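The lines below spell out each chain.
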Amino acid sequence: MKIAIMGFGTVGSGVEEILYKKRKSLLKNNFDIEIDRILIKDKSKKRSPLNKNLIFTDNFKEILNSEVDTVIDVTSSLEETYERILSLMKAGKNIISANKAVVSKYFEELNELARANNVYFSYEASVAAAIPIIHPMMEEVFFNDINKICGILNGTSNYILSMMEKEGLSYDVVLKKAQDLGYAEADPTADVGGFDAMRKIRILSSLLYNAKIKEEDILTFGISTIQKSDLDYAKKMGYSIRLLAKSKLDGGKIDISVIPTFLKDNFFAKTFKGSNAIKVWGENFSSYELKGPGAGKLETADAIIRDLLRILSAREIKTFYDGTNSYDLENNCLGKYYLRTSKISSKLEDLIDQDEILAGDHHIITKKTSLDKLEAAILDLNEVFIAKIEEEI
Ligand code: NDP
Ligand code: HSE
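This is a predicted model, so every value here is computed, not measured. (Residues numbered from 1 in each chain as written. Chains lettered and ligands numbered in written order. Predicted model: local features only at pLDDT ≥ 70, side-chain atom pairs only at ≥ 80, totals over all residues. Heavy atoms only, no water.)

An order of 3-2-1-4-5-6 is seen for the 6 strands of this open sheet, with the pairing classed as parallel. In this open sheet, the two edge strands, each paired with only one partner strand, are strand 3 (56-57) and strand 6 (121-122). (Pairing = 2+ DSSP bridges. Helix = DSSP H or I, 4+ residues; strand = E, 2+ residues; numbered from the N terminus.)

Here's what the structure looks like:
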């Protein structure tokens, strides 16, 4: 079976490494997988694949017109890759993608096109890397109502938060370490700005509720403005801070958000380094928790190979998502919030419960309020760090 890969960075080289090192074992189990060619952007870059005979090309047509029936997308490109996936699906090729930017932005279109062209669209690696979450959820939706999901879905942010907390390292130093470990995106803005976690909770929620959820409707706060003083303040109150992505379907409304959260000694607070953690609530069980590597070379490649084997052995689930359920979206997230700001607006004043000034900054605990109200109150303020105070998840 010949396949093609688009992209040969951290994850692409991980896919090649596993397929090369495990070839004997795969062959023994009737998985004769050969990489026909690999699409890259910059032909002048030095590559070190384990299989020295691999063919690299920067000409997409070589892949489109090849005999391969399955193409793995591990590029860091959004629009160009999206256009290419469209062409590949129309040409009858199955797609496996780790590229959550594409999977999230074009979730509806890609599912529709996969169905129309009778090809597989597999994206297990796009959420939480090595943790199996997409496929278990795909099976659950046939016989269970999953009405709530909550997760640490960005390895880079978790690495930064937990290392700043445990080792007392500075933001810039730990971000650099997360980049060196291959967790962060080429441009880490999406990681630390919360957008990567937003894309992942959109993918999960769209699938679970079979609904159309717009990226821009998800209230998203990241950790890019965090300072040591925020972690110190949280610690003084007995909390850790983690970036949580949450969605809940209740009473015909979806409450969905991404926000740093003060957590007391629970499953999420005990998630360290590049790990991801997910808690799922369903009708047939109260809840269960999953934890594991949410980013990294072999960790992400592992999920891709699982998709590949499912397709090759005709065990993959055909796309059933059609987004036909219609729900209102609300960004209530009712609760108390922590805020650090150098200035206070009149709108914010009304929401303050406690205000402690440390080194010129206001460290505020709000009264119980909604996230959209709070967002409106901090709209004109610069460099605010905001976190939800969670008593119970
Ligand atoms: P890298 O930046 O390490 O590699 C990206 C690869 O994509 C490079 O080989 C690059 O080519 C290629 N590429 C970029 N643009 C194009 C283009 N227009 N045409 C052809 N090739 C292109 O990224 P990662 O390997 O870390 O991530 C790959 C994808 O997987 C991303 O979408 C990422 O979000 C996702 N992902 C990453 C995880 C991780 O832990 N790193 C985990 C889960 C998902 P060239 O080498 O020539 O520059
Ligand atoms: N940049 C992502 C992260 C990679 O840090 O979680 C995994 O999707």
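This is not the end of the story, as more comes after the structure.
Attention shifts here to unusual backbone geometry. Phi is positive for Asn-30, close to 70°, though the residue is something other than glycine. Following the sequence through the fold, Asn-30 ends up in the loop between helix 2 (23-28) and strand 2 (34-39). On the accessibility criterion, Asn-30 (69% relative accessible area) is exposed. Phi angles above zero are rare outside glycine, and Ala-359 is one such case at about 45°. Within the element layout of this structure, Ala-359 appears in the loop between strand 15 (352-358) and strand 16 (361-366). The exposure class assigned to Ala-359 is exposed, which follows from its relative accessible area of 87%. (Buried < 20%, exposed > 50% of the residue type's maximum accessible area, 1.4 Å probe, protein only.)

Moving on, we get to helix 9 (residues 171-180). The complete set of buried residues in helix 9 reads Tyr-171, Val-174, Leu-175 and Ala-178. Down the axis of helix 9, the buried side of the element spans an arc of 105°, and every buried residue falls inside it. Residues of helix 9 that are exposed and point more than 90 degrees away from the buried face comprise Asp-172 and Asp-180. The elements touched by buried residues of helix 9 are helix 8 (155-167) and helix 10 (189-192). Downstream of helix 9 by a residue or two, Gly-182 has a phi angle that is positive, lying close to 80°. (Arc of directions from axis to C-beta. Contact = heavy atoms within 4.5 Å.)

In this section: the packing of aromatic side chains. The relative placement of two aromatic rings is captured by the distance of their centres and the angle of their planes. Evaluation of the coordinates by the stated rule reveals 13 aromatic pairs. Plain terms: the ring middles of Phe-267 and Phe-268 are 5.1 Å apart, the flat faces sit at 65° to each other, and that makes the pair edge-to-face. Aromatic rings pair up to connect Tyr-233, Tyr-239, Phe-262, Tyr-338 and Phe-385 into one cluster. In this structure, Lys-148 packs its charged tip against the face of Trp-281, placed 4.2 Å from the ring centre. Over the face of the ring belonging to Tyr-120 we find Lys-318, whose NZ or CZ atom lies 5.1 Å from the ring centre. (Phe/Tyr/Trp six-rings, centres within 6.5 Å; stacked < 30°, edge-to-face > 60°. Lys NZ or Arg CZ within 6 Å of the ring centre and 35° of its normal.)

Once that is clear, we can look at the packing of helix 1 (residues 10-21) against helix 13 (residues 297-312). Two elements in contact, helix 1 and helix 13, have axes separated by 8 Å at closest approach and are oriented at 60°. Handedness of the crossing formed by helix 1 with helix 13: right-handed. Contacts between helix 1 and helix 13 involve Thr-10, Val-11, Ser-13, Gly-14, Val-15, Glu-17, Ile-18 and Leu-19 on the former and, on the latter, Lys-297, Leu-298, Thr-300, Ala-301, Asp-302, Ile-304, Ile-305 and Leu-308. Considered class by class, the residues forming the contact of helix 1 with helix 13 number 9 nonpolar, 4 polar and 3 charged. (Axes fitted to C-alpha atoms, helices over the stretch in contact; angles between N-to-C directions. Left-handed = near helix turned anticlockwise from the far one by under 90°. Nonpolar A, V, L, I, M, F, W, Y, C, P; charged D, E, K, R; others polar.)

A few words now on the domain arrangement of the protein. Along its sequence, the protein is carved into domain 1 (2-122) and domain 2 (140-293 + 328-389). Using C-alpha coordinates to define each centre, domain 1 is positioned 32 Å away from domain 2. Counting residues at the interface gives 8 residues for domain 1 and 12 residues for domain 2. When domain 1 packs against domain 2, close to 880 Å² is buried across both sides, 59% of that on carbon and sulfur atoms. Interface area lost by domain 1 to domain 2 is led by Lys-100, Ser-104 and Phe-107, which between them contribute 59%. Linking domain 1 to domain 2 there are 3 salt bridges. As a salt-bridge pair, Lys-100 and Glu-185 come within 2.8 Å of each other at their nearest N and O atoms. (Domains from an automatic or database assignment. Buried area = accessible area lost by both parts, 1.4 Å probe. Salt bridge = Lys/Arg side-chain N within 4 Å of Asp/Glu carboxyl O.)

Taken together, 26 residues form the shell around ligand 1, and within it Lys-45, Arg-47, Thr-75, Glu-185 and Gly-296 come nearest. Residue Glu-80 places a side-chain N or O atom 2.8 Å away from a nitrogen atom belonging to ligand 1. Take Glu-185: an N or O atom from its side chain is 2.7 Å from an oxygen atom of ligand 1. Relative to its unbound accessible surface of 900 Å², ligand 1 loses 89% to contact with the protein. Taken together, the elements giving at least two residues each to the shell around ligand 1 come down to helix 1 and helix 4 (79-90). Classifying every residue of the shell around ligand 1 by side-chain character gives 8 nonpolar, 10 polar and 8 charged. (Near = heavy atom within 4 Å. Polar contact = N/O pair within 3.5 Å; in protein donor to acceptor, adjacent residues only side chain to side chain. Areas by Shrake-Rupley, 256 points an atom, 1.4 Å probe, with all protein chains shown as cover.)

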